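# Architecture at a glance
Chain by chain, the residues:
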Amino acid sequence: DIQVTQSPSTLSAAVGDSITITCRASQSISASLAWYQQRPGTPPKVLIYDASTLERGIPSRFSGSGSGTEFTLTIRSLQPEDFATYYCQQYERYSTFGQGTKVEVK
Amino acid sequence: QVQLVQSGAEVKKPGASVRVSCKTSGDTFIGNYMHWVRQAPGQGLEWMGRIFPNSGGTDYAAKFQGRVTMTRDTSTRTVYMELSSLTSDDTAIYYCARGPGYCSTTSCYSYYMGAWGKGTTVTVSS
């Protein structure tokens, strides 16, 4: 099974900050990685797929990069609605989610 | 625009089984993968498995092999997930999610999950 490890588990930031979340896969997954945002009480929402492709309707302050085993999600100029939990998902072989990163108000 | 409507909350006793449904509308049922993902209280997302409605072909996460069954009814555009031998550890929100995918003659591939149901809460308690 392919494991994915996300870091950090919690990140404290302020509105306007830029933040980066990292996801590492236990073996190469090419660019088969997606990022999701989940707000409390709601299902996850896809932000980015194929490591760097922005889903339609997602603001351009979200960006993704990486390939192989290391990937990053960057949010520039954090907005109040961005405080949420973020997950990565590999789909190179079946599917696995990272443990999640909670972005909280500093 | 695709909509995934899940069945209502369930309360089950340990050892019982639960079946959750997910009805799709607004977009192509055939030709996309349907996944089931669960989330225990305060925990992260856990992929349980997937079903390809074209063929009914399924793949399950190793953790759930032998305990989960995913099926589909193409006439009603509904997929089902049944989990047996429930314990308190199965208390969670169960989501269905749809995403692109396809099967060749030799292998099947699924990708990200672009649409999600609102979730079904399953509580296992004696």
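Residues numbered from 1 in each chain as written. Chains lettered and ligands numbered in written order. Predicted model: local features only at pLDDT ≥ 70, side-chain atom pairs only at ≥ 80, totals over all residues. Heavy atoms only, no water.

### Re the overall build of chain B
A tally of regular secondary structure across chain B gives zero helices and twelve strands. At 14 Å, chain B has a C-alpha radius of gyration in line with the 14 Å of a compact globule built from 126 residues. On the principal axes, the C-alpha backbone points of chain B span a range of 45 × 30 × 25 Å. Burial statistics for chain B: of 126 residues in total, 44% are counted as buried. (Helix = DSSP H or I, 4+ residues; strand = E, 2+ residues; numbered from the N terminus. Rg over C-alpha atoms; globule rule 2.2 N^0.38 Å. Buried < 20%, exposed > 50% of the residue type's maximum accessible area, 1.4 Å probe, protein only.)

### Section: the interface of chain A and chain B
Counting residues at the interface gives 17 residues for chain A and 19 residues for chain B. When residues of chain A are sorted by the area they lose upon contact with chain B, Pro44, Tyr94 and Phe97 of chain A head the list and together hold 36% of the total. Across the chain A-chain B interface, the total number found is zero salt bridges. For the pair chain A and chain B, the interface holds five residue pairs in polar contact (both at pLDDT 80 or more). Every element with two or more residues in the side of chain A that touches chain B is listed here: strand E4 (33–38), strand E5 (45–49) and strand E9 (85–90) of chain A. Looking at which element gives the most residues to the side of chain A that touches chain B, the answer is E4 of chain A, with three residues. Residues belonging to the side of chain A that touches chain B are distributed by class as follows: ten nonpolar, five polar and two charged. (Contact = heavy atoms within 4.5 Å. Buried area = accessible area lost by both parts, 1.4 Å probe. Salt bridge = Lys/Arg side-chain N within 4 Å of Asp/Glu carboxyl O. Polar contact = N/O pair within 3.5 Å; in protein donor to acceptor, adjacent residues only side chain to side chain. Nonpolar A, V, L, I, M, F, W, Y, C, P; charged D, E, K, R; others polar.)

### Topic: the sheet that holds strand E1 (residues 3–6) of chain B
All names here are of chain B. Taken in spatial order, the four strands of this open sheet run E1-E3-E8-E7, and their pairing is antiparallel. Of all strands in the sheet, those bounded by a partner on one side alone are E1 and strand E7 (68–73). Looking at each pair of strands side by side, their axes are set apart by 20° on average, direction ignored. As defined by bridge partners, E7 adjoins strand E8 (residues 78–83) across six bridges and the pair is classed as antiparallel. Note on E8: the bridge partner recorded for threonine 71 is tyrosine 80. (Pairing = 2+ DSSP bridges. Axes fitted to C-alpha atoms, helices over the stretch in contact; angles between N-to-C directions.)

### Quick notes on the sheet that holds strand E8 (residues 70–75) of chain A
All names here are of chain A. One open sheet accounts for four strands, arranged E1-E3-E8-E7; its pairing is antiparallel. A single partner strand is all that each edge strand has here, and the edge strands are strand E1 (4–7) and strand E7 (62–67). Strand-to-strand twist in this sheet, taken as the mean axis angle between neighbours without regard to direction, amounts to 15°.

### Structural notes on the environment of serine 21 of chain B
All names here are of chain B. Relative to the helices and strands, serine 21 resides in strand E3 (residues 18–25). With relative accessibility at 18%, the residue serine 21 sits in the buried group. Note: C-alpha distance between serine 21 and valine 5 (16 residues apart in sequence) is 8.1 Å. Setting aside its immediate chain neighbours within four residues, serine 21 contacts Val5, Gln6, Ser7, Trp36, Thr78, Val79 and Tyr80.

### Some remarks on the state of the cysteines
By the definition in use, this model includes three disulfides over all chains. Note on cysteine connectivity: cysteine 23 of chain A is disulfide-linked to cysteine 88 of chain A, with sulfurs 2.1 Å apart. Because the torsion about its S-S bond is 65°, the bridge between cysteine 23 of chain A and cysteine 88 of chain A counts as right-handed. Residue cysteine 23 of chain A is located in strand E3 (residues 19–25), and its partner cysteine 88 of chain A is located in strand E9; the two are separated by 65 residues in the primary sequence. By the burial criterion, cysteine 23 of chain A is buried, and cysteine 88 of chain A matches it. A sulfur-sulfur separation of 2.0 Å characterises the disulfide bridge that pairs cysteine 22 of chain B with cysteine 96 of chain B. On the sign convention where negative means left-handed, the S-S torsion of about 70° between cysteine 22 of chain B and cysteine 96 of chain B marks this disulfide as right-handed. With a gap of 74 residues between them, cysteine 22 of chain B in strand E3 and cysteine 96 of chain B in strand E9 (residues 92–103) connect regions that are remote in the sequence. Judged by relative accessible area, which is 0%, cysteine 96 of chain B ranks as buried. Sequence-ordered numbering of the bonded cysteines in chain B gives a pairing of 1-2, 3-4. (Disulfide = S-S within 2.5 Å.)

Structural measurements only, silent on function.
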